[in-house]
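Each chain is listed here by its residues.
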Amino acid sequence: MTARFYRQQNNRIHCTLCPHNCAIREGSSGLCGVRLNSGGELNLPYYGGASALAVDPIEKKPLYHFYPGSEILSIGFVGCPLRCPFCQNYRISQSTSARTRRISPEQLVAAARDSGSIGIAYTYNEPIIHIEFVLESARLARRHGLQNVLVTSGQVNPEPAEELFCAMDGTNIDLKSFNEQFYRRELAGDLASVKEAIRIAAAHCHLEITTLVIPGKNDGSAEIEAMARFIADLRPTIPYHLSAYYPAYRYVTESTSPATIERLAAVARRHLAFVYSGNVSGANHTDCPACGRRLIERSGYHVCSAGLAGRNCIACGTPIAVVTAAAADSAGG
Ligand code: SF4
């Protein structure tokens with residue numbers, strides 16, 4: 001299978017999919033490990049190679065304002081353009097040798113329909129490096145009335161980002177820090193590209209944002225406030241998830257305390273209407289920003305949306321930034 005988003009120059013292939021813009025020699029792969037220069041073409045030896053396929057609660061992505069309480073068929077692949085030393089899925093992201101099962105877009109869409117879930121989430125590793133498979137599957141899924149969700153680091157160049165987010169109905173993008181050096185030196189990433197991907201996604205599909213809060217790395221109030229301001233400038237109703245880090249892969253720093261998450265959530269709430277805590281126990285409900293009525297009650301993955309009438313608060317009628325089946329039906333009708 002041949003890739004898109006590349007050009008040939010001086011006997012090398014230049015992949016233009018993500019900000020690494022890898023120049024790839026014959027017989028080699030780019031940094032993500034899954035895009036291979038073979039005979040002067042960029043090939044996709046891992047096309048449709050699923051490392052994981054499972055039906056998950058949509059809240060696990062996390063998406064709290066997108067079909068709350070529903071389930072979604074979730075697919076993961078292998079490889080990643082980043083090198084996060086705290087990756088919780090490093091076995092499939094930092095290696096391409098994980099066991100995979102070949103699946104076609106047609107088989108994936110059939111599995112999503114059989115699952116009775118709302119659609120397909122492309123998740124677990126970085127799905128953007130498999131953009132050709134994702135786009136083909138997403139377009140087919142949409143024709144069958146299924147939803148498409150992308151869970152991503154946002155490491156993507158603007159042109160493919162436009163095409164990708166147009167094909168999605170919802171996305172959760174990681175904003176791992178607001179420190180360019182931290183992105184570049186510790187993650188091999190590019191903050192400016194992530195911010196641009198967030199702007200593009202905000203224009204095309206339902207968007208939520210997650211920051212994994214790591215002690216000593218990105219847990220300063222000023223940094224969290226700067227990220228909350230950036231999100232609020234796009235839309236103050238974009239849901240923002242502050243997730244507690246726990247030791248994984250190469251990081252042995254102690255887990256983030258619930259008190260830290262609560263302190264930083266209070267900072268983010270100065271600018272954003274919907275801020276949630278992840279990886280810590282405790283309430284994570286959604287209340288109406290106008291009248292305070294409980295709209296969505298969550299207990300683990302048990303969800304009750306009794307406070308919503310379509311996309312509005314049942315008590316005061318305020319429109320709420322949430323996508324529900326009822327709202328989609330009424331919009332369609
Ligand atoms: S997608 Fe992979 S090959 Fe392409 S530029 Fe990014 S890391 Fe390099």
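Remember, it's a predicted structure, so these values are computed and weren't measured experimentally. (Residues numbered from 1 in each chain as written. Predicted model: local features only at pLDDT ≥ 70, side-chain atom pairs only at ≥ 80, totals over all residues. Heavy atoms only, no water.)

Undergrad: Hey, could you run me through the sheet that holds strand 14 (residues 240–244) in this one?
TA: The pairing of strands in a sheet comes from backbone hydrogen bonds and takes either a parallel or an antiparallel form. An order of 7-8-10-11-12-13-14-15 is seen for the eight strands of this open sheet, with the pairing classed as mixed. The two strands at the open ends of the sheet, each matched to only one other strand, are strand 7 (52–57) and strand 15 (275–278). This sheet shows a mean twist of 20 degrees between the axes of neighbouring strands, independent of strand direction. Relative to strand 10 (residues 119–122), strand 8 (residues 71–76) runs parallel, the two sharing three bridges. (Pairing = 2+ DSSP bridges. Helix = DSSP H or I, 4+ residues; strand = E, 2+ residues; numbered from the N terminus. Axes fitted to C-alpha atoms, helices over the stretch in contact; angles between N-to-C directions.)

Undergrad: What is the right way to look at empty space enclosed by the protein in this model?
TA: It is a probe the size of a water molecule, rolled over the atoms, that shows where empty space is left. Under the definition given, this model contains one cavity of 30 Å³ or more. Together, Cys15, Leu17, Cys18, His20, Asn21, Cys22, Ile24, Gly30, Leu31, Cys32, Arg35 and Ile129 line the largest cavity. In the lining of the largest cavity, the residues fall into eight nonpolar, three polar and one charged. (1 Å grid on protein atoms, 1.4 Å probe; cavity = no way out; pocket = protein on both sides within 12 Å on 5 of 7 lines; lining within 4 Å. Points joined across faces, edges and corners; volume = space filled by probe spheres on them. Nonpolar A, V, L, I, M, F, W, Y, C, P; charged D, E, K, R; others polar.)

Undergrad: Help me out: how do you make sense of helix 4 (residues 158–166) in this one?
TA: A turn of α-helix holds 3.6 residues, and therefore any two residues three or four places apart point the same way. Along helix 4, the residues classified as buried are Pro160, Ala161, Leu164 and Phe165. Projected down its long axis, helix 4 carries its buried residues within an arc of 120 degrees, all on one side. (Buried < 20%, exposed > 50% of the residue type's maximum accessible area, 1.4 Å probe, protein only. Arc of directions from axis to C-beta.)

Undergrad: What should I look at first to understand the layout of surface pockets in this one?
TA: In this model, the largest pocket occupies a volume close to 1200 Å³. As for the largest pocket, its lining consists of 41 residues, and the residues nearest its centre are Lys60, Lys61, Pro62, Gln88 and Ser243. Breaking the lining of the largest pocket down by element, the ones donating at least two residues are strand 11 (147–152), strand 12 (170–174), strand 13 (206–213), strand 14, strand 15 and strand 17 (294–299). Take the lining of the largest pocket: its biggest share by element is three residues, from strand 13. Its residues assigned to classes, the lining of the largest pocket comprises 13 nonpolar, 20 polar and eight charged. Residue-level mapping places the lining of the largest pocket at the junction of two domains, with at least three residues from each of domain 2 (49–284) and domain 3 (288–333). Here the second largest pocket is characterised by a volume of approximately 170 Å³. In this structure, the second largest pocket is lined by Glu262, Arg269, Ala273, Phe274, Val275, Tyr276, Ser277, Ala283, Asn284, His285, Thr286 and Asp287. Listing elements by their share of the lining of the second largest pocket, those giving two or more residues are strand 15 and strand 16 (286–287). For the lining of the second largest pocket, the element with the highest residue contribution is strand 15, accounting for three residues. When grouped by side-chain class, the residues that make up the lining of the second largest pocket number five nonpolar, four polar and three charged. (Domains from an automatic or database assignment.)

Undergrad: Quick question: what am I supposed to make of unusual backbone geometry here?
TA: A negative phi holds for most residues other than glycine; trans holds for most peptide bonds. Following Lys61, the chain continues into Pro62 via a peptide bond in cis, with omega recorded as -5 degrees. Among the secondary structure elements, Pro62 is positioned in the loop between strand 7 and strand 8. With a phi angle near 50 degrees, Asn10 is a residue other than glycine that sits in the positive phi range. Since its relative accessible area comes to 66%, Asn10 is described here as exposed. We note that Tyr67 has phi near 45 degrees; this positive angle belongs to a residue other than glycine. Mapped onto the fold, Tyr67 is located in the loop between strand 7 and strand 8. Given the relative accessible area of 10%, Tyr67 is considered buried.

Undergrad: How should I be thinking about the domain arrangement of the chain in this particular structure?
TA: Accessible area lost on assembly of the parts is the figure often given for the size of an interface. Assigned domains within the chain: domain 1 (6–43), domain 2 (49–284) and domain 3 (288–333). A straight line from the C-alpha centre of domain 2 to that of domain 3 covers 23 Å. Facing the 15 residues of domain 2 at the interface are 13 residues of domain 3. Buried area between domain 2 and domain 3, both sides added, is near 1200 Å², and the carbon and sulfur share of it is 67%. Where domain 2 packs against domain 3, one counts zero salt bridges. For the pair domain 2 and domain 3, the number of links is five residue pairs in polar contact (both at pLDDT 80 or more). Its residues placed into classes, the side of domain 2 that touches domain 3 shows eight nonpolar, five polar and two charged. (Contact = heavy atoms within 4.5 Å. Buried area = accessible area lost by both parts, 1.4 Å probe. Salt bridge = Lys/Arg side-chain N within 4 Å of Asp/Glu carboxyl O. Polar contact = N/O pair within 3.5 Å; in protein donor to acceptor, adjacent residues only side chain to side chain.)

Undergrad: I tried to follow the packing of aromatic side chains on my own but got confused; where do I start?
TA: For any pair of aromatic rings, the description consists of the separation of the ring centres together with the inter-plane angle of the planes. Counted according to the given criterion, the structure contains eight aromatic pairs. Measuring from ring centre to ring centre gives 5.6 Å for Phe77 and Phe133, while their planes differ by 75 degrees; the resulting arrangement is edge-to-face. Here Phe77 is found in the loop between strand 8 and helix 1 (90–93), whereas its partner Phe133 is found in helix 3 (residues 131–143), with 56 residues between them in sequence. Overall, Phe77 belongs to the buried group, its relative accessible area being 0%. Ring centres of Tyr245 and Tyr251 lie 6.2 Å apart, and the angle between their planes is 70 degrees; this geometry places the pair in the edge-to-face category. Accessibility expressed as a relative area gives 1% for Tyr245, which makes it buried. Over the aromatic face of Phe230 sits the side chain of Lys195, whose NZ or CZ is 5.7 Å from the ring centroid. (Phe/Tyr/Trp six-rings, centres within 6.5 Å; stacked < 30°, edge-to-face > 60°. Lys NZ or Arg CZ within 6 Å of the ring centre and 35° of its normal.)

Undergrad: For this particular structure, what's the right way to read the sheet that holds strand 17?
TA: Across the sheet, three strands lie side by side as 16-17-18; this open sheet has antiparallel pairing. One side of each edge strand has no neighbouring strand; the edge strands of this open sheet are strand 16 and strand 18 (302–304). Here strand 17 pairs with strand 18 via three bridges, running antiparallel. For Ser299, the partnering residue across the bridge sits in strand 18 and is His302.

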